[in-house]
Amino acid sequence: MAAHRRLEVSEVGDVTVVRFVDRKILDEASIQELGHELFQLVEQEKRKKLLLNFSKVDFLSSAALGKLITLDKKVKAQSGKLKFSNIRPEIYEVFAITKLNKLFDIKDDEAGALAAF
Amino acid sequence: MSDHAWTWRTELFIPSETGAGQRVLEDVLGQLAAQQWSEHEVHGIHLALEEALVNAIRHGNRSDINKQVHVACKVSASKLWVQIRDEGPGFNPDDVPDCTEPDRLEVPSGRGIMLMRAFMSRVEYNECGNCVVMEKERPSMPR
């Protein structure tokens, strides 16, 4: 398994739970690194069930949203499932404004997301 | 605008690398917090400023380190005014597709201006599109 700088990766059953190291996901280098680590989970490590827990995240720029969209495409291409949980109201507002809450499967908390796989 | 009681101003040039705007962003956000702007307001302004700076650096100046971005900002307890100007040729904001259209949802880019407009009271580009002015006004506070 690859080492991760931007992510904390764990397993709950056959679901890979991912948490973010950074509270603010905004600078270009971090976003590139984050995207690379997320994509590796799907493309190299072939993980099929991914849960991204956003509990530590209190800022997300549109560039980071772009990486999540690309991740979603890669997961779907592998016939996998991607869910998000623990998104703070300020961050959820960004998903709602951009209508990305219609694209992504967003649950309130990790337990609810895990049960939905 | 000129007779408003601004309590803080800044004006500077930053290089065209996306990390360069963080210092001025932190200064602005610090001033807003000191002026008792709410966390929700500060979060929205942070996002709008971040998007505008990245647009100027990445799209306007094409990340050319020989080009600079001019940032001017004024803050008070009730208003924020910011101007961001790049050295690029400009663009027409009306040409940016609506990122919320169903066939655009899966496009990874193109959300910056929408987010700027969502969180700021006013977003205006100059005629050629290489300069944006954004304002945020707080609702009137009860006396």
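Definitions and cut-offs
- Residues numbered from 1 in each chain as written.
- Chains lettered and ligands numbered in written order.
- Predicted model: local features only at pLDDT ≥ 70, side-chain atom pairs only at ≥ 80, totals over all residues.
- Pairing = 2+ DSSP bridges.
- Helix = DSSP H or I, 4+ residues; strand = E, 2+ residues; numbered from the N terminus.
- Axes fitted to C-alpha atoms, helices over the stretch in contact; angles between N-to-C directions.
- Contact = placed C-beta atoms within 7 Å.

Section: the sheet that holds strand β3 (residues 79–85) of chain B
Residues and elements named next belong to chain B. Reading across the sheet, the 5 strands line up as β1-β2-β3-β5-β4 and stay open at both edges, with antiparallel pairing between neighbours. Two strands lie at the open edges of the sheet, namely β1 (8–15) and β4 (122–125), each paired on one side alone. When strand polarity is set aside, the average angle formed by the axes of neighbouring strands in this sheet is 10°. Two elements, β3 and strand β5 (residues 131–137), share 7 bridges in a ladder whose sense is antiparallel. Note that in β5 the partner of Trp-81 across the bridge is Glu-135. Along the sheet, helix α2 (residues 39–60) makes contact with β2 (68–75), β3 and β5, crossing β3 at roughly 10°.

Considering the pairing of strand β1 (residues 7–12) of chain A
All names here are of chain A. Examined bridge by bridge, β1 and strand β2 (residues 15–20) share 6 bridges and lie antiparallel to one another. Opposite Glu-11, over in β2, you have Thr-16 as the bridge partner. As consecutive antiparallel partners, β1 and β2 are separated by 2 residues, and within that stretch Gly-13 has a phi angle of approximately 65°, a positive value.

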